[in-house]
Amino acid sequence: MSSKTNQSELILDAAYKCVSEKGYANISLRDIAKEANVALSQLHYYFGSKKKLLQEIIKRMIGKYTIELEKQIKKSQSDKKDISNVFNFIKEALERNPELFKILFDLSSLALRSDSFKLMLSDLFDHLSGVIKECIDESSSIVDEFKDFSSSTLSRLILGSVLGVAFEYTLDANKNEDILDSLDALSVIFQ
(Lines give C-alpha, C1' and ligand atoms only; values in the text may rest on other atoms or scores of the structure.)
Protein backbone atom coordinates (compact mmCIF):
# COMPACT_ATOMS: atom_id res chain seq x y z
CA MET A 1 0.00 0.00 0.00
CA SER A 2 1.43 3.37 -0.97
CA SER A 3 1.86 6.19 1.52
CA LYS A 4 -0.77 8.13 -0.43
CA THR A 5 -3.26 5.32 0.14
CA ASN A 6 -2.25 5.05 3.79
CA GLN A 7 -2.77 8.78 4.29
CA SER A 8 -6.16 8.83 2.58
CA GLU A 9 -7.25 5.74 4.58
CA LEU A 10 -6.15 7.45 7.80
CA ILE A 11 -8.21 10.50 6.88
CA LEU A 12 -11.22 8.34 5.97
CA ASP A 13 -10.99 6.50 9.30
CA ALA A 14 -10.86 9.79 11.19
CA ALA A 15 -13.73 11.25 9.18
CA TYR A 16 -15.84 8.13 9.79
CA LYS A 17 -15.22 8.44 13.51
CA CYS A 18 -16.03 12.17 13.58
CA VAL A 19 -19.20 11.84 11.52
CA SER A 20 -20.46 8.88 13.54
CA GLU A 21 -19.83 10.65 16.84
CA LYS A 22 -21.03 14.17 16.01
CA GLY A 23 -22.92 14.03 12.71
CA TYR A 24 -21.98 15.52 9.37
CA ALA A 25 -23.47 18.95 10.08
CA ASN A 26 -21.59 19.27 13.37
CA ILE A 27 -18.06 18.63 12.19
CA SER A 28 -15.59 20.64 10.19
CA LEU A 29 -12.64 19.65 8.07
CA ARG A 30 -10.49 20.99 10.89
CA ASP A 31 -12.07 18.48 13.29
CA ILE A 32 -11.27 15.66 10.88
CA ALA A 33 -7.72 16.88 10.32
CA LYS A 34 -7.19 17.06 14.07
CA GLU A 35 -8.57 13.54 14.58
CA ALA A 36 -6.38 12.20 11.75
CA ASN A 37 -3.38 14.17 13.03
CA VAL A 38 -2.77 15.65 9.58
CA ALA A 39 -2.64 19.15 8.16
CA LEU A 40 -5.93 20.57 6.89
CA SER A 41 -4.34 20.91 3.45
CA GLN A 42 -4.06 17.11 3.29
CA LEU A 43 -7.84 16.77 3.40
CA HIS A 44 -8.18 19.21 0.52
CA TYR A 45 -5.41 17.42 -1.39
CA TYR A 46 -6.99 13.97 -1.08
CA PHE A 47 -10.69 14.80 -1.14
CA GLY A 48 -11.23 18.43 -2.20
CA SER A 49 -14.21 19.18 0.04
CA LYS A 50 -16.16 18.00 3.05
CA LYS A 51 -18.94 16.75 0.77
CA LYS A 52 -16.55 14.67 -1.34
CA LEU A 53 -14.97 13.27 1.80
CA LEU A 54 -18.38 12.19 3.09
CA GLN A 55 -19.17 10.64 -0.27
CA GLU A 56 -15.99 8.55 0.02
CA ILE A 57 -16.93 7.49 3.54
CA ILE A 58 -20.32 6.41 2.26
CA LYS A 59 -18.88 4.51 -0.70
CA ARG A 60 -16.51 2.71 1.63
CA MET A 61 -19.29 1.95 4.11
CA ILE A 62 -21.65 0.69 1.40
CA GLY A 63 -18.97 -1.54 -0.09
CA LYS A 64 -17.93 -3.02 3.23
CA TYR A 65 -21.38 -3.71 4.60
CA THR A 66 -23.03 -4.96 1.43
CA ILE A 67 -20.22 -7.52 1.07
CA GLU A 68 -20.67 -8.53 4.72
CA LEU A 69 -24.44 -8.82 4.26
CA GLU A 70 -24.02 -10.99 1.17
CA LYS A 71 -21.59 -13.25 3.04
CA GLN A 72 -23.97 -13.50 6.01
CA ILE A 73 -26.89 -14.46 3.79
CA LYS A 74 -24.89 -17.29 2.24
CA LYS A 75 -24.07 -18.78 5.66
CA SER A 76 -27.07 -21.09 5.70
CA GLN A 77 -26.59 -24.85 5.75
CA SER A 78 -27.94 -25.31 2.24
CA ASP A 79 -26.93 -23.65 -0.98
CA LYS A 80 -30.00 -21.44 -0.71
CA LYS A 81 -29.79 -17.93 0.63
CA ASP A 82 -31.56 -17.68 3.98
CA ILE A 83 -33.66 -14.58 4.73
CA SER A 84 -33.18 -15.06 8.50
CA ASN A 85 -29.53 -14.19 7.99
CA VAL A 86 -30.58 -10.70 6.88
CA PHE A 87 -32.25 -10.11 10.23
CA ASN A 88 -29.32 -11.66 12.11
CA PHE A 89 -26.87 -9.44 10.24
CA ILE A 90 -28.77 -6.26 11.10
CA LYS A 91 -29.12 -7.30 14.74
CA GLU A 92 -25.39 -8.04 15.05
CA ALA A 93 -24.44 -4.83 13.24
CA LEU A 94 -26.65 -2.77 15.57
CA GLU A 95 -24.96 -4.31 18.59
CA ARG A 96 -21.34 -4.19 17.44
CA ASN A 97 -21.28 -1.16 15.14
CA PRO A 98 -24.03 1.36 15.91
CA GLU A 99 -21.93 4.09 14.26
CA LEU A 100 -22.76 2.56 10.89
CA PHE A 101 -26.43 3.31 11.40
CA LYS A 102 -25.78 6.80 12.74
CA ILE A 103 -23.98 7.60 9.50
CA LEU A 104 -26.72 5.96 7.44
CA PHE A 105 -29.41 8.03 9.13
CA ASP A 106 -27.29 11.18 8.87
CA LEU A 107 -26.99 10.46 5.14
CA SER A 108 -30.76 10.02 4.95
CA SER A 109 -31.21 13.54 6.28
CA LEU A 110 -28.70 14.91 3.78
CA ALA A 111 -30.37 13.00 0.93
CA LEU A 112 -33.54 15.02 1.43
CA ARG A 113 -31.71 18.12 0.18
CA SER A 114 -28.88 16.86 -1.99
CA ASP A 115 -29.29 15.03 -5.29
CA SER A 116 -25.87 13.39 -5.05
CA PHE A 117 -26.58 11.98 -1.58
CA LYS A 118 -30.12 11.03 -2.66
CA LEU A 119 -28.67 9.03 -5.55
CA MET A 120 -26.14 7.27 -3.30
CA LEU A 121 -28.81 6.33 -0.78
CA SER A 122 -31.22 5.23 -3.48
CA ASP A 123 -28.50 3.02 -5.00
CA LEU A 124 -27.80 1.51 -1.58
CA PHE A 125 -31.48 0.76 -0.98
CA ASP A 126 -31.83 -0.72 -4.47
CA HIS A 127 -28.82 -2.96 -3.89
CA LEU A 128 -29.97 -4.11 -0.44
CA SER A 129 -33.48 -4.77 -1.75
CA GLY A 130 -31.96 -6.80 -4.56
CA VAL A 131 -30.00 -8.95 -2.11
CA ILE A 132 -33.14 -9.51 -0.03
CA LYS A 133 -35.17 -10.25 -3.18
CA GLU A 134 -32.74 -13.04 -4.09
CA CYS A 135 -33.39 -14.62 -0.69
CA ILE A 136 -37.14 -14.37 -1.19
CA ASP A 137 -36.94 -15.83 -4.70
CA GLU A 138 -35.10 -18.87 -3.29
CA SER A 139 -37.63 -19.39 -0.49
CA SER A 140 -40.71 -21.26 -1.65
CA SER A 141 -42.38 -20.76 1.75
CA ILE A 142 -42.18 -16.96 1.51
CA VAL A 143 -43.33 -16.99 -2.12
CA ASP A 144 -46.28 -19.26 -1.21
CA GLU A 145 -47.22 -17.38 1.97
CA PHE A 146 -47.22 -13.96 0.29
CA LYS A 147 -48.31 -15.00 -3.22
CA ASP A 148 -50.32 -11.82 -3.75
CA PHE A 149 -47.14 -9.72 -3.63
CA SER A 150 -44.06 -9.68 -5.80
CA SER A 151 -40.69 -10.58 -4.29
CA SER A 152 -39.60 -7.03 -5.12
CA THR A 153 -42.46 -5.60 -3.05
CA LEU A 154 -41.67 -7.95 -0.16
CA SER A 155 -37.98 -7.07 -0.29
CA ARG A 156 -38.86 -3.38 0.07
CA LEU A 157 -41.17 -4.21 2.98
CA ILE A 158 -38.41 -6.14 4.72
CA LEU A 159 -35.81 -3.44 4.08
CA GLY A 160 -38.15 -0.74 5.39
CA SER A 161 -38.92 -2.84 8.46
CA VAL A 162 -35.30 -3.53 9.37
CA LEU A 163 -34.32 0.09 8.80
CA GLY A 164 -37.21 1.20 10.99
CA VAL A 165 -36.07 -1.13 13.77
CA ALA A 166 -32.48 0.07 13.32
CA PHE A 167 -33.61 3.69 13.55
CA GLU A 168 -35.63 3.05 16.69
CA TYR A 169 -32.75 1.14 18.33
CA THR A 170 -30.23 3.82 17.36
CA LEU A 171 -32.36 6.49 19.03
CA ASP A 172 -33.12 4.44 22.15
CA ALA A 173 -30.84 5.56 24.99
CA ASN A 174 -31.57 2.40 26.99
CA LYS A 175 -30.88 -0.01 24.10
CA ASN A 176 -34.10 -1.88 24.85
CA GLU A 177 -33.73 -5.55 23.87
CA ASP A 178 -37.39 -5.67 22.79
CA ILE A 179 -36.45 -3.49 19.85
CA LEU A 180 -33.79 -5.94 18.72
CA ASP A 181 -36.11 -8.87 19.40
CA SER A 182 -38.50 -7.43 16.83
CA LEU A 183 -35.92 -8.49 14.22
CA ASP A 184 -36.34 -12.06 15.47
CA ALA A 185 -40.11 -11.64 15.09
CA LEU A 186 -39.63 -10.46 11.50
CA SER A 187 -37.45 -13.49 10.86
CA VAL A 188 -40.27 -15.77 12.06
CA ILE A 189 -42.87 -13.94 9.95
CA PHE A 190 -40.80 -14.29 6.78
CA GLN A 191 -39.77 -17.94 7.14
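Residues numbered from 1 in each chain as written. Predicted model: local features only at pLDDT ≥ 70, side-chain atom pairs only at ≥ 80, totals over all residues. Heavy atoms only, no water.

(A) Representation of the environment of Asn85 within the structure. Within the element layout of this structure, Asn85 appears in helix H5 (residues 84–96). By relative accessible area, Asn85 is classed as buried at 8%. Separated by 47 residues in the primary sequence, Asn85 and Ile132 place their C-alpha atoms 10.0 Å from one another. (Helix = DSSP H or I, 4+ residues; strand = E, 2+ residues; numbered from the N terminus. Buried < 20%, exposed > 50% of the residue type's maximum accessible area, 1.4 Å probe, protein only.)

(B) Fine view of helix H6 (residues 98–111). Here H6 is 14 residues long and its end C-alpha atoms lie 20 Å apart, about the 20 Å a rise of 1.5 Å per residue gives. Listing the buried residues of H6 in full gives Leu100, Phe101, Ile103, Leu104, Phe105, Asp106, Leu107 and Ala111. (Expected span 1.5 Å × (residues − 1).)

(C) Summary view of the pattern of salt bridges. Following the criterion strictly, the structure yields nine salt bridges and no others. Residues Glu9 and Arg60 are paired through a salt bridge, measuring 2.8 Å at the closest nitrogen-oxygen approach. Taken together, the residues Glu9 in helix H1 (residues 3–22) and Arg60 in helix H4 (residues 50–73) connect sequence positions 51 residues apart. The class of Arg60 is partly exposed, set by a relative accessible area of 30%. A salt bridge links Asp126 to Arg156; the shortest N-O distance between them is 2.5 Å. Taken together, the positions of Asp126 in helix H7 (residues 115–137) and Arg156 in helix H9 (residues 151–171) put the pair 30 residues apart, joining distant regions of the chain. Take Asp126: its relative accessible area is 38%, and that puts it in the partly exposed class. Three or more residues joined by partner-sharing salt bridges are found here, namely Glu9, Asp13 and Arg60. (Salt bridge = Lys/Arg side-chain N within 4 Å of Asp/Glu carboxyl O.)

(D) Summary view of the environment of Ile73. Structurally, the position occupied by Ile73 is in helix H4. Between the alpha carbons of Ile73 and Val86 there is a distance of 6.1 Å; along the sequence they are 13 residues apart.

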